[in-house]
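The primary structure of each chain is shown beneath.
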Amino acid sequence: MTAFRSQYCGDARKEQVGRTITVAGWVNRRRDHGGLIFIDLRDREGILQVVFNPEVSKGSHAVAIELRNEYVLRVTGKVHLRPPGTENPKLGTGDVELIAEDAEILNRSKTPPFYINEDVEVDEALRLKYRYLYIRREKMQRNLILRHRVVKFMRDFLDDRGFIEIETPVLIKSTPEGARDYLVPSRIYPGKFYALPQSPQQLKQLLMVAGMDKYFQVARCFRDEDPRADRQPEFTQLDLEMSFVDEHDVLDLMEDLFASMVETVTPEKKTAKPFPRLTYKEAMERYGCDKPDIRFGLELAELSDIFAGTEFSVFRTVLEAGGMVKGFAATGCAGYSRSELAGLTEFVKSRGAKGLVTMALEAGSDPAGSPARDSAKSVITKFLTSEQLDEIVKRLGGKTGDLLLIVADQPKTTNAVLAALRSEMASRLGLIDPDVLAFTFILDYPLFERTEDGRWEPMHHPFTAPRDEDIPLLDTDPGSVGARHYDFVCNGCEISSGSIRIHDRRLQEKIFEILGYSKEETEERFGHLLEALEFGAPPHGGIAPGIDRFIMLLIGEDNIREVIAFPKTQSAVDLMLDSPSPVSADQLRELHLRVTEA
Ligand code: ASP
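No experiment lies behind these values; they were computed from the predicted model shown.

Rules and cut-offs
Residues numbered from 1 in each chain as written. Predicted model: local features only at pLDDT ≥ 70, side-chain atom pairs only at ≥ 80, totals over all residues. Heavy atoms only, no water. Buried < 20%, exposed > 50% of the residue type's maximum accessible area, 1.4 Å probe, protein only. Helix = DSSP H or I, 4+ residues; strand = E, 2+ residues; numbered from the N terminus. Pairing = 2+ DSSP bridges. Salt bridge = Lys/Arg side-chain N within 4 Å of Asp/Glu carboxyl O. Arc of directions from axis to C-beta. Core = buried A, V, L, I, M, F, W, Y, C linked by side-chain atoms within 4.5 Å. Contact = heavy atoms within 4.5 Å. Near = heavy atom within 4 Å. Polar contact = N/O pair within 3.5 Å; in protein donor to acceptor, adjacent residues only side chain to side chain. Nonpolar A, V, L, I, M, F, W, Y, C, P; charged D, E, K, R; others polar. 1 Å grid on protein atoms, 1.4 Å probe; cavity = no way out; pocket = protein on both sides within 12 Å on 5 of 7 lines; lining within 4 Å. Points joined across faces, edges and corners; volume = space filled by probe spheres on them. Axes fitted to C-alpha atoms, helices over the stretch in contact; angles between N-to-C directions. Phe/Tyr/Trp six-rings, centres within 6.5 Å; stacked < 30°, edge-to-face > 60°. Lys NZ or Arg CZ within 6 Å of the ring centre and 35° of its normal.

**A few points about the pairing of strand S13 (residues 324-330)**
In the case of a regular strand, side chains alternate between the two sheet surfaces.
Thinking step 1. Of all seven residues that make up S13, seven are buried, and the element is covered over most of its length.
Thinking step 2. Residues Met-324, Lys-326, Phe-328 and Ala-330 point to one face of S13 and Val-325, Gly-327 and Ala-329 to the other, with burial holding for every one of them.
Thinking step 3. Bridging between strand S12 (residues 301-302) and S13 involves two bridges; their strand directions are antiparallel. Along S13, the bridge assignment pairs Glu-302 with Lys-326.
Thinking step 4. Examined bridge by bridge, S13 and strand S16 (residues 403-409) share seven bridges and lie antiparallel to one another. Across the sheet, residue Ala-330 finds its bridge partner in S16, namely Leu-403.

**Thoughts on the pattern of salt bridges**
Thinking step 1. Counted by the stated rule, this structure contains 54 salt bridges.
Thinking step 2. With a shortest N-O distance of 2.9 Å, Glu-557 and Lys-139 are connected by a salt bridge. Placement of the pair is Glu-557 in the loop between helix H16 (547-555) and helix H17 (585-590) and Lys-139 in helix H4 (residues 138-160), with a sequence separation of 418 residues.
Thinking step 3. According to the relative accessible area criterion, Glu-557 is buried, its value standing at 16%.
Thinking step 4. Glu-391 is the salt-bridge partner of Arg-395, the closest N and O atoms lying 3.2 Å from each other. Placement of both Arg-395 and Glu-391 in helix H11 (residues 386-395) is noted, with a separation of four residues, approximately one turn of the helix.
Thinking step 5. Linked by salt bridges that have partners in common, Glu-121, Glu-124, Arg-127, Lys-139, Glu-557, Arg-561 and Glu-562 make up one network.

**Re helix H9 (residues 313-320)**
Thinking step 1. Where H9 is concerned, the buried positions are Phe-315, Val-318 and Leu-319. When H9 is viewed along its axis, its buried side chains cluster within an angular range of 100 degrees and face the same direction.
Thinking step 2. With its phi angle positive at about 85 degrees, Gly-322 sits one or two positions after the end of H9.

**Considerations on the nonpolar core**
Thinking step 1. Leu-240, Met-254, Phe-258, Phe-439 and Phe-488 are the most contacted members of the largest nonpolar core, which totals 43 residues.
Thinking step 2. The leading source of residues in this core is helix H6 (residues 247-265), at ten residues.
Thinking step 3. Apart from residues lying up to four places away in sequence, Phe-258 is in contact with Met-154, Phe-275, Phe-439, Phe-488, Ile-495, Pro-545 and Phe-550.

**Brief notes about the site of the ligand**
Thinking step 1. Not every one of the 14 residues close to the ligand is listed here, only the nearest: Glu-177, Gln-201, Lys-204, Arg-223 and Arg-501.
Thinking step 2. Between Lys-204 and the ligand, the recorded distance is 2.6 Å, taken from a side-chain N or O atom to an oxygen atom.
Thinking step 3. Interatomic distance of 2.9 Å between a side-chain N/O atom of Gln-237 and an oxygen atom of the ligand.
Thinking step 4. A breakdown of the residues in the shell around the ligand according to their chemical character gives two nonpolar, eight polar and four charged.

**Some words on the layout of surface pockets**
Thinking step 1. If you add up the space inside the second largest pocket, you get close to 1,200 Å³.
Thinking step 2. In terms of lining residues, the second largest pocket is bounded by 42 residues, among which Arg-42, Arg-44, Gly-46, Ile-47 and Glu-138 are the most central.
Thinking step 3. Elements with a contribution of two residues or more to the lining of the second largest pocket: strand S1 (20-33), strand S2 (36-43), strand S3 (46-52) and H4.
Thinking step 4. By residue number, the principal contributor to the lining of the second largest pocket is H4, which donates eight residues.
Thinking step 5. Class assignment for the residues of the lining of the second largest pocket results in ten nonpolar, eleven polar and 21 charged.

**Focus on the sheet that holds S13**
Thinking step 1. Spatially, S12-S13-S16-S14-S15 is the arrangement adopted by the five strands of the open sheet, whose pairing is antiparallel. The strands lining the two open edges of the sheet, one partner per strand, are S12 and strand S15 (376-377).
Thinking step 2. Running at roughly 5 degrees to S13, helix H12 (residues 411-428) makes contact with S13 and S16 of the sheet.

**Quick notes on the packing of aromatic side chains**
Thinking step 1. Per the stated rule, a full pass over the model turns up 22 aromatic pairs.
Thinking step 2. Between Tyr-517 and Phe-526 the ring centres are 5.6 Å apart and the planes differ by 85 degrees, which places this aromatic pair in the edge-to-face class.
Thinking step 3. Given the relative accessible area of 18%, Tyr-517 is considered buried.
Thinking step 4. Residue Phe-526 is classed as buried on the basis of its relative accessible area of 0%.
Thinking step 5. Here the aromatic residues Phe-258, Phe-275, Phe-439, Phe-441, Phe-488 and Phe-550 are joined through ring pairs into a cluster of three or more.
Thinking step 6. The ring centre of Tyr-130 lies 5.3 Å from the NZ or CZ of Lys-129, which sits over that ring.
Thinking step 7. One residue, Arg-351, lies across the ring of Phe-347, its end atom 3.8 Å from the ring centre.

Given below as structure tokens:
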């Protein structure tokens, strides 16, 4: 294999019995049984048991006495079958062992700050500071290898479909994706800065103007955002763009790519084509959010119209103030105790709702879903007519034994709280199959949303095309303009957004105007793109699935740092390199910068 070794430790098999091989790796464990010393030698491909017997080789045995965990060892010997009864079915190499004839310590190791040979919890700070040791752990090796397989699959698949991988620069000009930019000061031009790309968005659009037709890139993006558990200041996207397409061309491609990738790379996971395509409105109605987890039911239904006509004044007041009443049926939870119900109320309150109304459909209710008044237990039944009660149960699809959970609040809160409660109940009820990857597409978003100070902001980014038929509304009612924007969701996580783009200068200018950019600002920030749109820009669109986030889902990790080789802490610090760190006064001078006290 190389000058150092003839093969990997992890590749030794019983077909090799009798052969002399040379392996090299790290001491995973050492057991001294008096005469014999056993070493588990580890490399990327696995672990091989090496036996040091002084009667076979005195010299090797002397070397083995010195060995400690994580020493680097090269050993030559003969492959033997393990004595019957001592096989280890947990190891790929478990049928065999290597009887050492020659051994050499290639390097020594200090005692590592945590166990590498055991999957015990390690303090995050230690894990990040000694990242190279943490990556030696089997789990991290597996995660990084899987990541490589996923990216390779993406590249091969897209190459097959006629996509060209093109690198775009990292020192660019600010491109808005809704986050703060990372800036790099220019030494040559005092007071001027490059921005690191929040995404290659404008560059990929310019590649479409350039006639490249189908582009992709495994692209690094940089966003200076407030820390969140599943975010990193830099992350990787599969960025792609296509010319002469509509929404469904892009989504069909994603469906084929992700379904065949899961089938090839993680065949033990289950996914089903076609991936459902829901409108934004439908997703909000049925799931209370635009990133629904569709691995389970527990769908929401609106009850506002029913409650508008009831005697229950608490809900009526909410409705009169523009609120919304919605709920769902938690299967089989009618028997929840008083304290369990109080726990659910606490749950919704901690997420901003004023309260939770529950209704237990106890035995005695009509199994067809029409509970007798005396068997539906709730503080609100006395305010409801039998017809109203029946209608509520029917709308929520409640059955005998279910617990109806109802929230009344402003629409945003009602939806957000119920979406969270739906997931909570699904996990309590064990409705989530961890082996399923349930993909969904969400379409037909509004183009803009209102900020708290009353401005318009793009739902996606300012380059997203409005629906053709809604263009006249841009002047009169921007809030009701639909966008050619879609999201790609898996198991309740947004893995990407994309859109069909604007390819007409005048329309793009109009969008900037609605977003509140002055003419000068538009020209200064986006003049290059606007000008390009005047040179025969083709209709085009694309998407950019986040690779880190997707790998997390694929292997069921809930910490994004477990799928990245050298991540930063949640507060954006690289503990291994100790970065960010101060720079010398000379460097600052060269960059024409002065640091003021924070
Ligand atoms: N640039 C977008 C993003 O980073 C993706 C796209 O519209 O293709 O979310």
